[in-house]
Amino acid sequence: MLAWSINSYAQEKAWTSAKQPEQEIEMLKRQIKAPVFLERDFLITDFGAVGDGQTKNTEAFKKAIEACHKSGGGRVVVPYGKFLTGGIYLKSNVNLHLADSATIIFSRDSSDYPIVFTRWEGMECMNYASFIYAYGEENIAITGNGILDGNANNDYWWWWCGAKKYGWREELGKQTPARNALHEMMHEEVDPKKRIFGDGHYLRPNFIQPYQCKNVWIADVKLINSPMWNLNPVLCENVLIEKVKVISHGPNNDGCDPEACKNVWIRDCYFDTGDDCIAIKSGRDEDGRNIGRPAENHIIENCVMKDGHGGVVIGSEIAGGAKNIYAINCEMDSPNLDRVLRIKTSSSRGGIIENVFMKNVQVGTFKEAAVKCNMFYEKPGNHIPTIRNIWVENLNVEKGGQYALMVAAYQQSPVTNLRMINCNLKGIKEPFKVDHVKNLVFEDVKINGRVMEAPKGVN
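Bear in mind that the values here come from a model prediction, so they are computed numbers and not experimental data. (Residues numbered from 1 in each chain as written. Predicted model: local features only at pLDDT ≥ 70, side-chain atom pairs only at ≥ 80, totals over all residues. Heavy atoms only, no water.)

Draft legend 1. Fine view of the pairing of strand β10 (residues 132-135). Pairing of strand β5 (residues 88-89) with β10, which is carried by 2 bridges, proceeds in the parallel orientation. The partner of Ile88 across the bridge, within β10, is Ile132. (Pairing = 2+ DSSP bridges. Helix = DSSP H or I, 4+ residues; strand = E, 2+ residues; numbered from the N terminus.)

Draft legend 2. Fine view of the pattern of salt bridges. Using the criterion set out here, one finds 28 salt bridges in the structure. Ionic contacts of the salt-bridge type, sharing partners, join the residues Glu121, Arg179, Lys281, Arg284, Asp285, Glu317, Arg349 and Glu378 into one network. (Salt bridge = Lys/Arg side-chain N within 4 Å of Asp/Glu carboxyl O.)

Draft legend 3. Structural context of the sheet that holds strand β13 (residues 208-211). One open sheet accounts for 3 strands, arranged β5-β10-β13; its pairing is parallel. Looking along the sheet, the strands with just one partner apiece sit at the ends: β5 and β13.

Draft legend 4. Structural view of the UniProt feature "domain: Rhamnogalacturonase A/B/Epimerase-like pectate lyase" (unreviewed entry) in the protein. When the UniProt feature table is mapped onto this chain, "domain: Rhamnogalacturonase A/B/Epimerase-like pectate lyase" (unreviewed entry) is found at residues 44-96. Between the C-alpha atoms that bound residues 44-96 there is a distance of 10 Å. The span itself is 25% helix and 38% strand. (UniProt positions renumbered as here; feature names shortened; annotations may be inferred.)

Draft legend 5. Region of the structure containing the environment of Trp157. You can see Trp157 is positioned in the loop between β12 (147-149) and α4 (176-187). Note on Trp157: relative accessible area 3%, which makes it buried. Once residues lying within four places of it in the same chain are set aside, the contact partners of Trp157 are Ser107, Arg108, Ser110, Tyr113, Phe131, Gly150, Asn151, Ala152, Arg204, Pro205 and Pro227. (Buried < 20%, exposed > 50% of the residue type's maximum accessible area, 1.4 Å probe, protein only. Contact = heavy atoms within 4.5 Å.)

Draft legend 6. Structural view of empty space enclosed by the protein. Inspection of the entire model under this criterion finds 2 cavities of 30 Å³ or more. Volume-wise, the largest cavity comes out at about 60 Å³. Along its surface, the largest cavity is lined by 13 residues, and Leu90, Ile140, Ile142, Ile208 and Pro210 are the ones closest to its centre. Of all the secondary-structure elements, those providing two or more residues to the lining of the largest cavity are β10, β11 (138-144), β13 and β14 (214-219). Classifying every residue of the lining of the largest cavity gives 12 nonpolar, 1 polar and no charged. (1 Å grid on protein atoms, 1.4 Å probe; cavity = no way out; pocket = protein on both sides within 12 Å on 5 of 7 lines; lining within 4 Å. Points joined across faces, edges and corners; volume = space filled by probe spheres on them. Nonpolar A, V, L, I, M, F, W, Y, C, P; charged D, E, K, R; others polar.)

Draft legend 7. View of the environment of Tyr166. Along the chain, Tyr166 falls in the loop between β12 and α4. What makes Tyr166 buried here is its relative accessible area of 14%. Each C-alpha atom, one on Tyr166 and one on Asn154, is 4.9 Å from the other, the two residues being 12 residues apart in sequence. When residues no more than four places from it in sequence are discounted, the contact partners of Tyr166 are Asn154, Trp158, Trp159, Cys161, His249, Gly250 and Pro251.

Draft legend 8. Seen up close, unusual backbone geometry. In this structure, the amide linkage connecting Gly315 to the following residue, Ser316, adopts the cis form with an omega of 0°. When you line up the elements, Ser316 lands in the loop between β23 (310-314) and β24 (322-332). Of note, the phi angle at Glu121 is positive, near 50°, even though the residue is not glycine. Looking at the element boundaries, Glu121 is found in the loop between β8 (115-120) and β9 (123-128). One non-glycine residue with positive phi stands out, namely Ala260, at about 55°. Along the polypeptide, Ala260 turns up in the loop between β17 (245-248) and β18 (262-267). Look at Ala260 and you get buried, because its relative accessible area is 0%.

Draft legend 9. Region of interest: the side chain of Asn355. Along the chain, the position of Asn355 falls in strand β26 (residues 352-365). Polar side-chain contacts of Asn355 include one of 3.0 Å to the side chain of Asn324. (Polar contact = N/O pair within 3.5 Å; in protein donor to acceptor, adjacent residues only side chain to side chain.)

Draft legend 10. Here's a closer look at α4. Between its first and last C-alpha atoms α4 spans 17 Å; for 12 residues at 1.5 Å apiece the expected length is 16 Å, and the two agree. Taken as a whole, α4 has its buried residues at Ala178, Leu182, His183 and Met186. Angular distribution of buried residues about the axis of α4 spans 140°; they occupy a single face of the element. As for α4, its buried residues are in contact with β8, β9 and α5 (285-291). With its phi angle positive at about 55°, Glu189 sits one or two positions after the end of α4. (Expected span 1.5 Å × (residues − 1). Arc of directions from axis to C-beta.)

Draft legend 11. A look at the packing of aromatic side chains. According to the stated counting rule, one finds 20 aromatic pairs in the structure shown. Arranged with centres 5.9 Å apart and planes meeting at 80°, the rings of Trp15 and Phe357 form a pair that is edge-to-face. Of this pair, Trp15 sits in the loop between α1 (2-12) and α2 (19-29) while Phe357 sits in strand β26, placing them 342 residues apart in sequence. An identical accessibility class is assigned to Trp15 and Phe357; each is buried. Of note, Lys174 hangs over the ring of Trp168, and the distance from its end group to the ring centre comes to 4.6 Å. Over the aromatic face of Trp265 sits the side chain of Arg267, whose NZ or CZ is 4.2 Å from the ring centroid. (Phe/Tyr/Trp six-rings, centres within 6.5 Å; stacked < 30°, edge-to-face > 60°. Lys NZ or Arg CZ within 6 Å of the ring centre and 35° of its normal.)

The structure is reproduced here in structure tokens:
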């Protein structure tokens, strides 16, 4: 009943007061809870693990997790040391807990990651398991003040993207042919379990990917050197990510990409990334539309975006739509930050993006636009998207970039009910680059010290 009341209310009409989304946030916070585990510890060293940074401990992790799971759950504890391993599979009722200064180092050998059912850039396929993976599990966690080291660099994993700045050379393979093939399989709606990749295809695994799981908790850990996306829960429900630090500057090293998830709370996290800090997704093109699961009920709170291309991003793999996205009390400041709030989609995606609320965001600098809605990201198709009910309040920018607001929309599908309130943006080169917007409202918006009215002739 609660989820229904949030969704149906927001879909029926645009917010008229910040109190409305703020009440929705408080209702949602009462729903999202960390799972509780039995007070029972399983030390990985009791299962043969050696923390010398050289011994491969894949079997020790597997045995400890299996024993914990079979006994009804608890913590699998990684003590002080450096523990090399291949892929880790998390099972229900297991909390993988890193003691202070413990480090898990992930193998650079692709054969240490089994081929599993996964998503790669929003497309379903059979590919390498993420470094920490779970499928259909409940009550799982990764906690503690330790480090998860993806061990990727220009010599391992990163060059697979095919960019010379990440170590790729002409004589090496790269992801482009496999990526193109996966796109074609998706468009032709080939059975995802027959879209088989892995060795020789160069589709990098993500770092952490719980898939179709319930009650997921990730807290306190530090992630470094990921091959690709860092945190990527897919089709999950009740996800709490708190006090996590992501420092990873490789290609496509997004910080947190919840994909087609429901009830997600990302709070008190630190993102220093090579791509978007937070990018909310719901699948690409046919895969996103056929599954039809939106990104739904997400709170982003008290996060610091130290570096990254986008602060809070919705898209581009957003064909399943997105609704009820709330970003509050965040800080951003980077010369590499292109956009503070970015909604990116296209007519090859379609879907509805609605009910996006941003309040109390402090920004040092950015490059392109503070707020950007773009319906022309990547190639067009036959599925015109919808963007509606966007509320931005108390956005303060010290040294802005090119634009305060950018909108690129279809004339037949204008961005609807976009409101900016009590915003103060300094150092802006041009206030707007806007085409099709319906019901664009500015209230006390200052750009370069001057109160601005919403641009005319775009409604």
